[in-house]
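What follows is the residue order along each chain.
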Amino acid sequence: MPSPNNNIMNYYGETPKTHNYGSRCRLAPVSHPFASSDIDGIPPVNAQYFYLSSVPIDDPLSTTTIAATADPKAARSSLRPFSPGDNNALEKAWLSLASDTYRQNHTNARQNRPPNPCLAKTNGEKLRSIVHRLAVEHAEKHAREGPSAEKVQPFTEGLPEPENAALLCCPELLVDVGVALRTSFCAVARRKQPELNRDMVAQAVMSEMDTLHTDSTASVTERRALSNNIPPSQSQIDSVMRSNQPDERPNSQQSVGSQPQISADRNPNVPVPTKSSFANDGISGKPFVRVGTPDSPIISPPASFPRAATFRPSGLAEEVKSGEARSRRASSVGDPARSPKLPEAPKIVSREVTVGVSRLHEVSLPALQMKPIYWSPVNDIATVFRATWFYRDDMRPIDPTVANQLEAGYRELKPHSETWQDELRCAVEVGPLGEEKVSHPLWPKPLGKSPKKAEDLMEPAISSNPFCAARCFRGEAAAEGSLLPTPNEDNSSPISTHKKFEQYHVIYKDQTTAYLLKPSLRPSAYYGRRPVAKIVRGLTIGIPVVRGFNYEAWARKHEKKQDQRHQQAVSIPNDAQENASRDACSACKADEDRAQVTDLVLVVHGIGQKLAERVENYHFTHAINAFRRAINIELRTDVVRSVLRQGLDGIMVLPINWRQNLSFEDGGPMKEEDKENYTPGDFTLKDIEPKTIPAVRSMISDVMFDIPFYMSHHKPKMVAAMVGEANRVYRLWCRNNPGFAEKGRVHLIGHSLGSVMCVEVLSRQPTILPALQLTKQPQLQHFEFDTKNLFLLGSPAAFFLLLERGALLPRRGRRKPGADLSDIASKDIVGDAGRFGCIAVDNIYNIMAREDAVAYLLNGTLDPMYAASLKTAYVPSTSTSFLQSMGNAMLSIVPGAGASSAANAPVSRPPTMRLPSQLELEVHDFTREEIAEKKAFLLNDNGQIDYFLRSGSGPLELQYLNMLSAHTSYWVNHDLIRMLCMEIGRNPGKTNTLPAMRAVKATKRGIPPTV
């Protein structure tokens, strides 16, 4: 393979460095732990992972938006491969999930054989621990919350004694049992082994709960001692397990492996919040779907501060998820010393791999789902494919079920061996009859005709179920993640009825290439068809497929011609690279340095996000995702790069979704603290809301009611929710990016009501924050980070300052760059923490659209006279208006009216400066003006706070028409995006401000320059 072209630039405008493919290189070939133990010498498959999304996570400059599509073929065309480095990390994690115990259970169940005694003992202990754990969890849950009002009638079809079946304690029990069984036993074993019947295990949990007792603290103890110290549920399970064991011990006992045990480096994820119903709400057909993850039940996350999680930004983040993380309880299990002594539930090992250039997403294995790290998934959980076989012409992955059939035939016929090549030559010599012998049916037909026999043999040799493919096989299985509407996969059809290429045959040419032949092309002695002879001569017959992925072939077909940055990743290492294998990879180090971020921007949304739960297009997260891409694009422009400070590595924008887990009334997603303050006699919004015009009332309550809620006794709860979510995201970012807490800078953007909440919190923010300690409980009263710049968009903060009799003031003792030490200590200029409007920031910007009816000016809250003396400031425009462009065009056409004539024109005389009169000098309060100017420069290096956005509609604009969209137009305004990049990225201090942003006096009297 030719070496990559050194002149190729990546999207950062840099020449990519060469990887050395050493042991410390992310692109080093993955070592397969099972390759040496394969007695048949079958080469390991070069698998490739894809994700289904219209937005590429490996291209931060992409402007592609999430587009809806109802066509499954169009959706499948959005499959994108992970980068070679991420693919290696995913493959290592996938191979580490393989377990001998799962593999033996799968093999025995598929062949309808009972497990051997040793394996049966292991399964029994695992099942007993599941029963005991679920019994303890549900006993504690009902002791805290009271018995469930809804008892569930069990399904008695698979129970040994249907007449004695007990009612289930709550509807969630079946879901929890299904999740526990799925994460502990493979799908084939659950279908074939009766002791793994979900309803039987649920009955065992109910029997176990009868032996437990809960006290006033919801701690579980044994109610009575049993005669043999074995709960009835265990006896039921043991009897079933023994009934399925063989009568005699087999001659050769298979060794029982154990799952890989890994130390946990972070707590489990907060379960993904989902809607209570799956009715059609207008959000179907998206490339991402809002669902519960297969590893967690559908529950709402606690209203208290969410989990603290650690992710490794480079490589693999491993997680040990115990069953406690999947229960529907709000507190931890009681004291283990007081609980009955039974074997602990086996820890279910899963993997979380951080992917993407910006490291904002992670892939859950074996669930094969990609979800965001820093915000709760809303329609952005993506399906992940693990592909092993590909179409040769364009390297698209073959459907996992078909790929597994190809792999099963490959392992049966062994086309990688010399023997197979001899068979092909002999078949060609014999003729069509010989070629029929080497033609392999893609889907072997069952041998028996009885329904039971056929059903048993329909189980494929290699499973496509992601959990089974990862744990029961050794890297040969292809799989596809699913977005299940419920975490219980047992409700799905056990075997797919549709078979793609059902009548096709396969001709394996060599160890990498095969051909799918439809019935009219496959070998036939009757018709004299000889496709094998043509294939051996190098002709293409049927559909050519290959085993293993070729990244270079994919890039040639699908990547743009000017975007060939991945070619370097697939080059073969030369001798010099092999000699440097012991050293650190310079290319990997450059990638890590490039991914570093020096400025973190947290964006706080305003009103209306309750509506986004029903109308997905209004969700704040999608707007911020597009906003982040726009900022990344703007940072690469020459105009912006010319003002960026030295050492700026990048700007990361993350949303703060504080409203999603907040409830104010009964009937909604009420949390524990709501129940403590709620009395049955209190009325709620549903009790006073008429049933008329429900659609309009629902929209008004979802959009507008956040404002009266904020002005009521719910205000502390709303502020705490916003602070808690901001601190959670910041802590998570600091865990992923070591050293950011000491060297990084944090900025806040508040929109609408979110800007008022930011001013509220920053008014009581400590002037000097202690060092961040991740081991301590997070703060809910103030931010755990120091805010450098505060940007208010469409903000009514000035109106709230008027209501609260507050005013904007600089903070005493805040040493911002370029500030006079005497000014930050003067009592006439600065204020103290706790006063509403005395905010702890270096710079505050109040940006508003001219037609935004919600926004108010802030300069007047500083000093009305000073505000009146300033000219109206506008955010610098990035484009010329229509009239300007027409004027420039006319100047270029008219002779003598170009730039040359303008350059030769005489220089005009400067206007005469009018000196103030004696009366003006006596009346004017220079002391007040001086104090106001000092306040303004301490609050903003430019000397003013308010900036207007130009509408750009020219003389034909209709203000009342623009008013309808003005309040939500900030995220797509190009002038605002460029201004944010420049103000965040420039050197701090008054002397480094941009001339177009500086305050200008409205009077004709000259003022001294600020530089």
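Residues numbered from 1 in each chain as written. Predicted model: local features only at pLDDT ≥ 70, side-chain atom pairs only at ≥ 80, totals over all residues. Heavy atoms only, no water.

I tried to follow the overall build of the protein on my own but got confused; where do I start?
A tally of helices and strands in the protein yields 35 helices and 21 strands. Per-residue burial over the protein gives 49% buried out of 1011 residues. Counting only contacts in the protein whose residues sit at least 6 apart along the sequence, the fraction spanning at least 24 positions is 79%. For the protein, the accessible surface area stands at approximately 48,400 Å², while carbon and sulfur atoms represent 53% of it. (Helix = DSSP H or I, 4+ residues; strand = E, 2+ residues; numbered from the N terminus. Buried < 20%, exposed > 50% of the residue type's maximum accessible area, 1.4 Å probe, protein only. Contact = heavy atoms within 4.5 Å. Areas by Shrake-Rupley, 256 points an atom, 1.4 Å probe, with all protein chains shown as cover.)

What's the story with the pattern of salt bridges in this structure? I'm lost.
Opposite charge on two side chains allows them to pair when their charged atoms are near. Enumeration according to the criterion identifies 33 salt bridges in this entry. The partner of Arg-814 in a salt bridge is Asp-842, and the shortest N-O contact between them spans 2.8 Å. Of the two residues, Arg-814 sits in the loop between α27 (797-803) and β20 (843-849) while Asp-842 sits in the loop between α27 and β20, which places them 28 residues apart along the sequence. Note on Arg-814: relative accessible area 8%, which makes it buried. Residue classification places Asp-842 among the buried residues on the basis of a relative accessible area of 9%. For Lys-934, the salt bridge goes to Glu-930, with nearest N and O atoms at 3.5 Å. (Salt bridge = Lys/Arg side-chain N within 4 Å of Asp/Glu carboxyl O.)

Any chance you could explain the sheet that holds strand β14 (residues 513-517) here in plain terms?
With antiparallel pairing, the five strands of this open sheet are ordered in space as β10-β15-β14-β13-β11. This sheet does not close on itself; its edge strands, each paired only once, are β10 (389-391) and β11 (440-441). Two strands pair when backbone bridges link them, and β11 and strand β13 (residues 505-508) are joined in this way by two bridges, in the antiparallel orientation. Along β13, the bridge assignment pairs Pro-441 with His-505. Of the strands in this sheet, β10, β11, β13, β14 and β15 (543-547) touch helix α9 (residues 400-413), which is tilted by about 50° from β13. (Pairing = 2+ DSSP bridges. Axes fitted to C-alpha atoms, helices over the stretch in contact; angles between N-to-C directions.)

Mind showing me how you'd approach the sheet that holds strand β21 (residues 946-949) here?
Within a sheet, adjacent strands bond to each other through the backbone by hydrogen bonds, running parallel or antiparallel. Taken together, the six strands give an open sheet; going across it, the order is β17-β16-β18-β19-β20-β21, and neighbouring strands pair in parallel fashion. Looking at which strands have only one partner, the edges of the open sheet turn out to be β17 (651-656) and β21. The average angle at which neighbouring strand axes cross in this sheet is 20°, direction not considered. In this structure, strand β16 (residues 599-604) lies alongside strand β18 (residues 745-751), joined through six bridges in parallel fashion. Paired with Leu-602 across the strands is Leu-748, a residue of β18. Against the sheet, helix α18 (residues 620-635) makes contact with β16, β17 and β18, and its axis sits at roughly 170° relative to β17, the strand it touches most. Here helix α24 (residues 715-736) sits on the sheet in contact with β16, β17 and β18, set at roughly 145° to β17.

Is there a simple way to think about the packing of aromatic side chains in this case?
Inspection of the entire model under this criterion finds 25 aromatic pairs. When the ring of Tyr-410 is compared with that of Tyr-508, the centres are 6.2 Å apart and the planes differ by 65°; the resulting orientation is edge-to-face. Note that Tyr-410 is positioned in helix α9 and Tyr-508 in strand β13, a separation of 98 residues in sequence. Residue classification places Tyr-410 among the buried residues on the basis of a relative accessible area of 0%. A ring pair is formed by Tyr-874 and Phe-948, whose centres lie 6.2 Å apart and whose planes are at 45°; its orientation type is tilted. Here Phe-948 lies in strand β21 and Tyr-874 lies in the loop between α29 (864-868) and α30 (882-893), a separation of 74 residues in the sequence. According to the relative accessible area criterion, Phe-948 is buried, its value standing at 16%. (Phe/Tyr/Trp six-rings, centres within 6.5 Å; stacked < 30°, edge-to-face > 60°.)

Which parts of the structure should I look at to understand the pairing of β14?
Strand residues, when the strand is regular, have side chains that alternate between the two faces of the sheet. The element β14 is extensively covered by neighbouring structure, given that five of its five residues are classed as buried. Of the two faces of β14, the one lined by Thr-513, Tyr-515 and Leu-517 and the one lined by Ala-514 and Leu-516 are each fully buried. Where β13 meets β14, four bridges bridge the pair, whose relative direction is antiparallel. Looking at β14, one finds that Tyr-508 is bridged to Ala-514. Following β13, the chain reverses through four residues before pairing antiparallel with β14. Pairing of β14 with β15, which is carried by four bridges, proceeds in the antiparallel orientation. Each residue of the ladder has a partner; that of Tyr-515, found in β15, is Pro-544.

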